[in-house]
Amino acid sequence: MLIREFRPRRWILGRLEAGRDLLQGLLDLAEEQEVRVGAFTLLGALTQARLGFYDQKKKSYRTLELDRHLEISCGVGNVSLRDGRPAVHCHLVVSGEDGECWGGHLLEGTVVFACEFALADLEGEPLERRLDPDQGLALWPLPG
Ligand code: ZN
């Protein structure tokens, strides 16, 4: 098990512009605000979404493409480092007009209609993602 402790430095609340790619917008936010370790939540709406499902046997993402208007019913994620630069990991539950839901790993190609974020900038030794060959993913390394 990996456990690391951090202290909150500040909370950053704000809004992303319509038409912006959500993943790139979150990366820009982390870079511009120099957040090296953080955790965030998102609320809002999208004009389209691209969500990933990780195929654990093939060790690759399958893409769910949703070309429709959606609510961000729940968005959660974190910021850590990968190759010395901020990396964003975000999962979304999105919902359609009848309340039906889809969820998954946020991919590029997800377009903001409106998005409010609350990002906690955390103080402490940054976590650095590394490729874990067993999972085939860039993860926080386990001790030992
Ligand atoms: Zn993920």
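The coordinates are above.
The rules behind the values
Residues numbered from 1 in each chain as written. Predicted model: local features only at pLDDT ≥ 70, side-chain atom pairs only at ≥ 80, totals over all residues. Heavy atoms only, no water. Salt bridge = Lys/Arg side-chain N within 4 Å of Asp/Glu carboxyl O. Helix = DSSP H or I, 4+ residues; strand = E, 2+ residues; numbered from the N terminus. Buried < 20%, exposed > 50% of the residue type's maximum accessible area, 1.4 Å probe, protein only. Donors = N, O, S within 2.8 Å, 3.2 Å for Na, K, Ca; no water. Contact = heavy atoms within 4.5 Å.

*Asks:* I'm lost on the pattern of salt bridges in this one. Help?
*Replies:* A side chain of one charge can pair with a side chain of the opposite charge if their charged atoms are brought near each other. As enumerated under the stated definition, the model contains nine salt bridges in all. In this structure, Arg20 and Asp28 form a salt bridge, with 2.9 Å as the shortest nitrogen-oxygen distance. Residue Arg50 is joined to Asp67 by a salt bridge in which the shortest nitrogen-to-oxygen separation is 3.1 Å. Here Asp67 lies in the loop between strand 3 (60–66) and strand 4 (70–82) and Arg50 lies in strand 2 (residues 38–55), a separation of 17 residues in the sequence. For Asp67, a relative accessible area of 56% corresponds to the exposed category. Each of Arg9, Arg10, Asp121 and Glu123 takes part in a single network of salt bridges with overlapping partners.

*Asks:* I keep staring at the coordination of the zinc ion and nothing clicks. Help me out?
*Replies:* In an ideal tetrahedron of four donors about a metal, each angle is 109.5 degrees. In an ideal octahedron of six donors, the angles are 90 or 180 degrees. Coordination sphere of the zinc ion, protein contribution only: His89 (NE2), His91 (NE2) and His105 (ND1), at 2.0 to 2.1 Å. Each donor residue of the zinc ion belongs to the same chain, and together they define the spacing H-x1-H-x13-H. His89 gets classed as partly exposed once you look at its relative accessible area, which sits at 24%. The class of His91 is partly exposed, set by a relative accessible area of 38%.

*Asks:* Any chance you could explain the environment of Thr41 here in plain terms?
*Replies:* Looking at the element boundaries, Thr41 is found in strand 2. The exposure class assigned to Thr41 is partly exposed, which follows from its relative accessible area of 43%. Between the C-alpha atom of Thr41 and that of Glu116, which follows or precedes it by 75 residues, the distance is 8.5 Å. Excluding its chain neighbours within four sequence positions, the residues that come into contact with Thr41 are Gly75, Val76, Glu116, Phe117 and Ala118.

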